[in-house]
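# Architecture and fold: a report
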Amino acid sequence: MDSEATHAHHARTLDRLAEAAVRVGLNLARGQELLITAPLDALPLVRRITEHAYRAGACLVTTFFADDESRLARFLYAPDDSFDRAPEWLAEGIAAAFRGNAARLAITGDNPSLLAAQDPDKVSRASRAQSKANRPSLELITNFAINWTIVASATPAWARTVFPDLPEEEAVERLWSAIFAASRVDGPDPVAAWAQHNATLAARGRALNDADFAALRFRGPGTDLTVGLADGHLWAGGAERAANGIVCNPNLPTEEVFTTPHRLRVDGIVRSTKPLSYQGTLIEEIAVRFEAGRIVEAHAARGEAVLGRVLATDEGAARLGEVALVPHSSPISQSGVLFQNTLFDENAASHIALGQAYTKCLRDTAGQDGASLSERGANTSLIHIDWMIGSGEIDVDAIAKDGAVAPLMRAGEWCVRE
Ligand code: ZN
Ligand code: ZN
């Protein structure tokens, strides 16, 4: 293709991503407000999404942009007490918007190594203050009070990190292609492609819910981990019905089925199968040991200090809030690209998440308070960090309530195919 044709093709596919974000990701309702957060470099995608949102009947679209250089300026020049502060008034306003039924769209595209050279103490304090301020609005999101979604935009800084050996323009183009393919918008009818993919994930979730297993056991090099599942856990994956009645796709892309582990019933050793990109640091070759749900020993070949700090965030940070199954043949895994972005990397492999559990992944929660959810096994924490433990070398067994063991995945693939 000549460059004019390439540009036209890019514009068309970008528009399909925007349309999929509004129609599949959000399934935006007529008359609904929409709140977008985006990196400044995602402006072209924001404009396409805003147009599709209004054409779908949005009554008001409001976007908050973030700029890397301004963020960095804080770490370079702000007084020390800045790092225990967060704009709580903004977080409260966002929560108020959600309580008023505004939909939420986040565009991810952050530079994974923006804060790599900054004081890790300041980075973790700032992140803690922000997490605390976000707590009310985050709860509305994790409990699916409203329809929400996350999509990606290929920013130059992100592309340079993913493809360090390519000239910037080529790196951005490569990252866009990878995003389009993974988000299933590179075909002629993304909306139909998503309907089919959602049906596959829903069938997988139904089968696991019918089986109602007691635990999963992961085995492979450096891994022998038994993950007990929460009492009355519920598997989810693909489309979700929010409490406002709208069926949305919270992540574009998504390949996982996931549920809530029991915070006290995780035992054994596990090794990460991909680096974890966390606030500018790549944490590599994580190896941890769980006892009665808690990490009692943690090592990493790189980034061990950052990992230690993460685990010390609060009481729930060293326990699991999610377990997710993704086949090794997933398109993101097969692309071989390490995106250094959770939205993509968590969909490349089976994973576990430290920290906060999704109450959405529990049955019959109406009227139950925090204490009774915790009793059933749901973990609480300020953090929720996914890291990858699946690969083509991992076997997963399902353990039934009567102790019977059945193979669920072999060499990273589902034993029962649809
Ligand atoms: Zn997940
Ligand atoms: Zn997660």
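These numbers were taken from a predicted model, which means no experiment stands behind them.

## Here's the deal with the overall build of the protein
A count of helices and strands for the protein gives 12 helices and 19 strands. The globule rule puts the C-alpha radius of gyration for 418 residues at 22 Å, and the 21 Å found for the protein is close to it. Each principal axis of the C-alpha atoms in the protein carries an extent, and together these give about 60 × 55 × 50 Å. Relative to its 418 residues, the protein shows a buried fraction of 50%.

## Quick notes on the pairing of strand S13 (residues 294-302)
Bridging between strand S12 (residues 281-291) and S13 involves 7 bridges; their strand directions are antiparallel. Bridged to Ile286 within S13 is Ala300. Counted between consecutive antiparallel strands, the loop separating S12 from S13 contains 2 residues, among which Ala292 sits at a positive phi close to 50°.

## Observations concerning helix H8 (residues 190-211)
A rise of 1.5 Å per residue sets the reference length of H8, with its 22 residues, at 32 Å; its end C-alpha atoms lie 32 Å apart and thus fit the reference within 8%. Every buried residue of H8 is accounted for by Pro190, Trp194, His197, Asn198, Leu201, Arg204, Gly205, Leu208 and Asn209. Buried residues of H8, seen end-on, are gathered within an arc of 135° and therefore sit on one face of the element. Opposite its buried face, H8 presents the exposed residues Gln196, Arg206 and Asp210, each directed more than 90 degrees away.

## Re the coordination of the zinc ion (ligand 2)
Looking at the metal site, the zinc ion (ligand 2) is ligated by Glu322 (OE), His384 (NE2), Asp386 (OD) and Asp386 (OD), spaced 2.0 to 2.6 Å from it. Relative to the metal, the 4 donor atoms surrounding the zinc ion (ligand 2) lie at angles of 53 to 144°, and the coordination shape comes out irregular. Read in sequence order, the donor residues coordinating the zinc ion (ligand 2) give the pattern E-x61-H-x1-D. The distance between the zinc ion (ligand 2) and the zinc ion (ligand 1) comes to 3.4 Å, and Glu322 binds to both of them. With Glu322 in strand S14 (residues 320-325) and His384 in strand S16 (residues 384-388), the pair connects residues that are 62 residues apart, well separated along the chain. Take Glu322: its relative accessible area is 2%, and that puts it in the buried class.

## A look at the packing of helix H1 (residues 3-26) against helix H2 (residues 43-55)
Closest axis-to-axis distance for the H1/H2 pair is 8 Å, and the angle between their directions is 50°. Viewed along their axes, H1 and H2 adopt a mutual orientation that is oblique. For the crossing formed where H1 meets H2, the hand is right-handed. Residue-level contacts link Leu14, Asp15, Leu17, Ala18, Glu19, Ala21 and Val22 of H1 to Pro44, Leu45, Arg48, Ile49, His52 and Ala53 of H2. In the contact of H1 with H2, the residues fall into 9 nonpolar, 1 polar and 3 charged.

## Topic: the pattern of salt bridges
For the coordinates displayed, the defined rule picks out 20 salt bridges. For the salt bridge of Glu51 with Arg55, the shortest nitrogen-to-oxygen distance reads 2.7 Å. Highlighted residues: Glu51 and Arg55, both in helix H2, separated by 4 residues, approximately one helical turn. Residue Asp84 is joined to Arg125 by a salt bridge in which the shortest nitrogen-to-oxygen separation is 2.9 Å. Taken together, the positions of Asp84 in the loop between helix H3 (68-77) and helix H4 (88-99) and Arg125 in helix H5 (residues 120-142) put the pair 41 residues apart, joining distant regions of the chain. Each of Asp15, Arg48, Glu51 and Arg55 takes part in a single network of salt bridges with overlapping partners.

## A word on the sheet that holds strand S3 (residues 103-108)
With parallel pairing, 4 strands are arranged side by side in an open sheet as S2-S1-S3-S4. Every interior strand has two partners, whereas the edge strands, strand S2 (60-66) and strand S4 (148-152), have only one. Neighbour-to-neighbour, the strand axes of the sheet open up by a mean angle of 15°, direction not taken into account. Of the pairings in the sheet, the one linking S3 to S4 comprises 5 bridges and is parallel in character. Across the sheet, residue Leu105 finds its bridge partner in S4, namely Thr149.

## So, the coordination of the zinc ion (ligand 1)
Metal coordination angles have textbook ideals: 109.5 degrees for a tetrahedral set of four donors and 90 or 180 degrees for an octahedral set of six. Protein coordination at the zinc ion (ligand 1): the donors are Glu256 (OE), Glu322 (OE), Glu346 (OE) and His351 (NE2), at 1.9 to 2.3 Å from the metal. Considering all 4 donor atoms around the zinc ion (ligand 1), angles at the metal cover 76 to 146° and the coordination shape is irregular. For the zinc ion (ligand 1), the single-chain donor residues occur in sequence as E-x65-E-x23-E-x4-H.

## A look at the sheet that holds strand S9 (residues 257-259)
The strand order across the open sheet formed by 4 strands is S9-S14-S15-S16, and the pairing between neighbours is antiparallel. The open sheet has two edge strands with one neighbour each: S9 and S16. Here the strands of the sheet are splayed against their neighbours by 20° on average, with no regard to which way each runs. Where S9 meets S14, 3 bridges bridge the pair, whose relative direction is antiparallel. Paired with Thr259 across the bridge in S14 is Val323.

## Thoughts on the environment of Gly31
Within the secondary structure layout, Gly31 lies in the loop between H1 and strand S1 (33-39). Sequence separation between Gly31 and Trp414 is 383 residues, and the spatial gap between their C-alpha atoms is 42 Å.

What counts, and at which threshold
Residues numbered from 1 in each chain as written. Chains lettered and ligands numbered in written order. Predicted model: local features only at pLDDT ≥ 70, side-chain atom pairs only at ≥ 80, totals over all residues. Heavy atoms only, no water. Helix = DSSP H or I, 4+ residues; strand = E, 2+ residues; numbered from the N terminus. Rg over C-alpha atoms; globule rule 2.2 N^0.38 Å. Buried < 20%, exposed > 50% of the residue type's maximum accessible area, 1.4 Å probe, protein only. Pairing = 2+ DSSP bridges. Expected span 1.5 Å × (residues − 1). Arc of directions from axis to C-beta. Donors = N, O, S within 2.8 Å, 3.2 Å for Na, K, Ca; no water. Tetrahedral: all angles 85-135°; square planar, octahedral: opposite > 155°, others 65-115°. Axes fitted to C-alpha atoms, helices over the stretch in contact; angles between N-to-C directions. Parallel < 35°, antiparallel > 145°, perpendicular 65-115°, else oblique. Left-handed = near helix turned anticlockwise from the far one by under 90°. Contact = heavy atoms within 4.5 Å. Nonpolar A, V, L, I, M, F, W, Y, C, P; charged D, E, K, R; others polar. Salt bridge = Lys/Arg side-chain N within 4 Å of Asp/Glu carboxyl O.

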